[in-house]
Amino acid sequence: MNALHFPTSPVLSKLLIYSGISLSRAETASIPAVCFEENYFLDSAQVIREQSKTQGISLRIQYSSMDKSSSSPSPSSYRSNKPYEDKRFSEEKKVFFGDTCQDVLSTLGSPMKIYYKSDDRMKIHSTSEEKYNPSNQSDYFYNYITLGLDILFDAVTNTVKKLILHTNYPGHYNFNSYYRCHFEIPLFRTDPINTGEFERMLITPFSKWEEVQEFLEQPVDRPAVLNRCSSTNTSNPFGATFCYGVEDMIFEVMQNGHIACVTVYNTSESSSSSSSSS
């Protein structure tokens, strides 16, 4: 800097911090071990599908343990000559539709939050008999925030019926409420050249909705407009989003074309319930 001459003192206007050999080839930095704090995070997730039907999800989970004499790091330890040994571990976990809440707890552990569907919140005013009637119970979510995943359980059977995968894009109502779910969703279509064969597209959090539409090569039904707001504020500064249904999935798309979240649901549940009622 001393060899450079400026008419006035330069002022910092932009600072870029990235991991990689260059800005154009920047990579997502791994989470430091001191940030785990006994939590586990998602490395990758593959939605398990057979053609146009979703079976469940496979999660590659990473966690860390730091070995040293003391159980927790202190500021002075970072200045010592004996750094913590960062040991990272990775495990594959699978959750399928029809799994019970006990199955999910034994697979993923306790959720960070449990949320009961707000549509059923007025049932608090029901009589005692109505409250304990299984048909009047509320469906509930297990919120795994560090995995970017919500799991919806049926109130009657206590089994998995929906999975919600969050992309954590800026400009969305739920931005910074979840970590990004690094999912991969296979989408199939019939090969127009080779009859009887299928082409595959892999949808990721970085895919845009126009790419999905282009791959489908068929008109998509008009979206449902979703405008979220909190209980204390009826306005949403981020604007409405659009929900498109594709097979057994619902894509919530932002106005800039980015996918905000993907909901996959169990289609066999509706067919089995209809057959049992008949």
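Residues numbered from 1 in each chain as written. Predicted model: local features only at pLDDT ≥ 70, side-chain atom pairs only at ≥ 80, totals over all residues. Heavy atoms only, no water.

What follows deals with the environment of Gln-51. Mapping Gln-51 onto the fold places it in the loop between strand S1 (41-50) and strand S2 (53-67). On a C-alpha basis, the gap between Gln-51 and Leu-187 in space is 7.7 Å, while along the polypeptide they are 136 residues apart. (Helix = DSSP H or I, 4+ residues; strand = E, 2+ residues; numbered from the N terminus.)

Chain-level statistics for the chain give a pLDDT mean of 79 and a share of 73% at 70 or above. Here helix H1 (residues 75-78) is the element of the chain with the lowest mean pLDDT, 46, and strand S6 (residues 149-153) is the one with the highest, 97. Across residues 67-79, where pLDDT falls below 50, the model places 16 contacts with residues more than four positions away in sequence or in other chains. Low pLDDT, under 50, characterises residues 270-278; the predicted model gives this stretch 0 contacts beyond four residues in sequence or across chains. (pLDDT = per-residue confidence, 0-100. Contact = heavy atoms within 4.5 Å.)

Moving on, we get to unusual backbone geometry. One non-glycine residue, Asn-158, adopts positive backbone phi at about 55°. Mapped onto the fold, Asn-158 is located in the loop between S6 and strand S7 (160-166). Its identity is not glycine, yet Asn-168 carries a phi of approximately 55°, on the positive side. Assignment of secondary structure puts Asn-168 in the loop between S7 and strand S8 (183-190).

Following the criterion strictly, the structure yields 10 aromatic pairs and no others. With a centroid separation of 5.1 Å and an interplanar angle of 70°, the aromatic rings of Phe-41 and Tyr-179 are classed as edge-to-face. A residue pair is termed long-range when its members are at least 10 positions apart, and Phe-41 in strand S1 and Tyr-179 in the loop between S7 and S8 qualify at 138 residues. A relative accessible area of 41% places Tyr-179 in the partly exposed class. Between Trp-209 and Phe-251 the ring centres are 5.4 Å apart and the planes differ by 45°, which places this aromatic pair in the tilted class. Within this pair, whereas Trp-209 is found in helix H4 (residues 209-216), its partner Phe-251 is found in strand S12 (residues 249-253), the two being separated by 42 residues in sequence. (Phe/Tyr/Trp six-rings, centres within 6.5 Å; stacked < 30°, edge-to-face > 60°. Buried < 20%, exposed > 50% of the residue type's maximum accessible area, 1.4 Å probe, protein only.)

This part is about the layout of surface pockets. Estimates place the volume of the second largest pocket at around 400 Å³. Residue lining of the second largest pocket: 14 residues in total, with Thr-28, Ala-29, Ile-31, Leu-42 and His-182 positioned closest to the centre. Across the lining of the second largest pocket, the residue classes tally to 7 nonpolar, 5 polar and 2 charged. (1 Å grid on protein atoms, 1.4 Å probe; cavity = no way out; pocket = protein on both sides within 12 Å on 5 of 7 lines; lining within 4 Å. Points joined across faces, edges and corners; volume = space filled by probe spheres on them. Nonpolar A, V, L, I, M, F, W, Y, C, P; charged D, E, K, R; others polar.)

As a further point, take the pairing of S12. Counting buried positions along S12 gives 4 out of 5 residues, so the element sits mostly inside the fold. The pairing of strand S11 (residues 241-246) with S12 spans 5 bridges and is antiparallel. Directly across from Cys-243, in S12, lies its bridge partner Glu-252. Counting the residues between successive antiparallel strands, the hairpin from S11 to S12 contains 2 residues, one of them, Glu-247, with a positive phi of roughly 55°. In the sheet, S12 pairs with strand S13 (residues 259-265) via 5 bridges, with the strands oriented antiparallel. In the sheet register, Val-253 faces S13, and the bridge partner there is Ile-259. (Pairing = 2+ DSSP bridges.)

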